[in-house]
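# Overview (structure and organization)
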Amino acid sequence: MTTKPLVALLSGAGISTDSGIPDYRGPAGLWRQDPEAEKLVTHEHYMGDPDVRRRSWQMRRRTGALRPEPNAAHRAVVELERSGVPVRVLTQNVDGLHQRAGMPARKVLELHGSARHVVCVKCGAKGAMEDALARIDAGEDDPPCLECGGVLRPATVMFGEPLDPSVLAEAAAIAKACTLFFAVGSSLQVHPAAGLAQVAAEHGARLVVVNAEPTPYDGIADEVVREPIGTALPRLLRELA
Ligand code: ZN
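If you're wondering where the values come from, they're calculated on a predicted model, not measured in any experiment. (Residues numbered from 1 in each chain as written. Predicted model: local features only at pLDDT ≥ 70, side-chain atom pairs only at ≥ 80, totals over all residues. Heavy atoms only, no water.)

## A look at the overall build of the protein
- The helix and strand tally for the protein stands at 10 helices and 9 strands.
- On C-alpha atoms alone, the protein measures out to a radius of gyration of 18 Å, which is about the 18 Å that the 2.2 N^0.38 rule sets for 241 residues.
- Counting only C-alpha atoms and orienting by the principal axes, one finds that the protein spans roughly 60 × 30 × 30 Å.
- Taking the contacts inside the protein whose residues are at least 6 apart along the sequence as the reference set, 63% of them involve residues at least 24 apart.
- For the protein, the centre of its 27 positive side-chain charges and the centre of its 30 negative side-chain charges are spaced 3 Å apart. (Helix = DSSP H or I, 4+ residues; strand = E, 2+ residues; numbered from the N terminus. Rg over C-alpha atoms; globule rule 2.2 N^0.38 Å. Contact = heavy atoms within 4.5 Å. Lys, Arg positive; Asp, Glu negative; His and termini not counted. Charge placed at Lys NZ, Arg CZ, Asp CG, Glu CD.)

This is the structure we're talking about:
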């Protein structure tokens, strides 16, 4: 009889690659390589320039048309959770695929927010991205908040914005409390992801890095796995269930 691990799983862009979502915001991500595209997701430009907002909505409409589905790695996390192992997901992704795969929303902490929702910058009203994009389809180019007329934006953390301190604090608490920390598909080069792996390791968690490329934390990891996430993660998690 072994004690069940308390699992924290940090996921980055690499876990969603098999779902057809490219790495947009990582250090080598598409947005970083294209200054015009980066403007569309940079707070200062988004708020200050209606034309940036119009292009941003069009960009979301185009990329949203891909309708990404969860993949084997997302499903493996759900299976682990359903097997009774306590698991919390900390994700750098805004795609909502952990929840779509079946993870209870309360067990997924979205460090960079969610691209599946929109929020009004004036009154804070929240809505579904799907509804906002339907308004774009219907001919609006910069749909305002239906409650107060304020600027609507995706409920994501844009470049130039701080992360939500309460989300960060909760993520740190999970990293401290877990006994097994998986870093999956993250380059671990960006705050706070990198810091969370460190915190987990410092507090005695076993650190497992699953990533195609080397990360700065491979040296302190208990296990480094280079094989594709879509096969590696289901195998690693099945061993725990
Ligand atoms: Zn509003």
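Now that the structure is up, let's keep going.
## Description of the pattern of salt bridges
- Across all of its chains, the model carries 16 salt bridges by this definition.
- Across the pair Arg 55 and Asp 51 runs a salt bridge, and its minimum N-O distance is 3.4 Å. One end of the pair, Arg 55, and the other, Asp 51, are both in helix α4 (residues 50–64), 4 residues apart, so they sit about a helical turn from each other.
- Across the pair Asp 218 and Arg 226 runs a salt bridge, and its minimum N-O distance is 2.7 Å. (Salt bridge = Lys/Arg side-chain N within 4 Å of Asp/Glu carboxyl O.)

## Let's talk about the pairing of strand β7 (residues 180–184)
- With respect to burial, β7 is a largely interior element, 5 of its 5 residues being buried.
- Relative to β7, strand β1 (residues 7–11) runs parallel, the two being bridged by 5 bridges. Bridge assignment links Val 7 to a residue of β7, and that residue is Leu 180.
- Sheet analysis places β7 next to strand β8 (residues 206–210), joined by 5 bridges and oriented parallel. (Buried < 20%, exposed > 50% of the residue type's maximum accessible area, 1.4 Å probe, protein only. Pairing = 2+ DSSP bridges.)

## Re the coordination of the zinc ion
- Bound to the zinc ion are the protein donor atoms Cys 120 (SG), Cys 123 (SG), Cys 145 (SG) and Cys 148 (SG), situated 2.3 to 2.4 Å from the metal.
- Around the zinc ion sit 4 donor atoms; with metal-centred angles ranging over 101 to 116°, the donor geometry is tetrahedral.
- Residue Cys 148 is classed as partly exposed on the basis of its relative accessible area, which comes to 30%. (Donors = N, O, S within 2.8 Å, 3.2 Å for Na, K, Ca; no water. Tetrahedral: all angles 85-135°; square planar, octahedral: opposite > 155°, others 65-115°.)

## What about the packing of helix α8 (residues 165–177) against helix α9 (residues 193–202)?
- Contact pair α8 / α9: the axes reach a minimum separation of 7 Å and the direction vectors enclose 35°. Where α8 crosses over α9, the handedness of that crossing is right-handed. The residues of α9 that touch α8, namely those facing Ala 171, Ala 172, Ala 175 and Lys 176, are Leu 196, Val 199 and Ala 200.
- The residue makeup of the contact of α8 with α9, split by class, is 6 nonpolar, no polar and 1 charged. (Axes fitted to C-alpha atoms, helices over the stretch in contact; angles between N-to-C directions. Left-handed = near helix turned anticlockwise from the far one by under 90°. Nonpolar A, V, L, I, M, F, W, Y, C, P; charged D, E, K, R; others polar.)

## As for the environment of Pro 68
- Relative to the elements of secondary structure, Pro 68 occurs in the loop between α4 and α5 (72–82).
- For Pro 68, a relative accessible area of 15% corresponds to the buried category.
- Taking C-alpha positions, Pro 68 is 10.0 Å from Arg 100, a pair spaced 32 residues apart along the chain.

## Some details on the packing of α5 against helix α10 (residues 229–238)
- At a minimum axis separation of 8 Å, α5 and α10 run at an interaxial angle of 10°. In this view, α5 runs roughly parallel relative to α10, as classed from their interaxial angle. Between α5, through Ala 72, Ala 73, Ala 76, Val 77 and Leu 80, and α10, the contact on the second element is made entirely by Ile 229, Gly 230, Leu 233, Pro 234 and Leu 237.
- In terms of residue class, the contact of α5 with α10 is made up of 9 nonpolar, 1 polar and no charged. (Parallel < 35°, antiparallel > 145°, perpendicular 65-115°, else oblique.)

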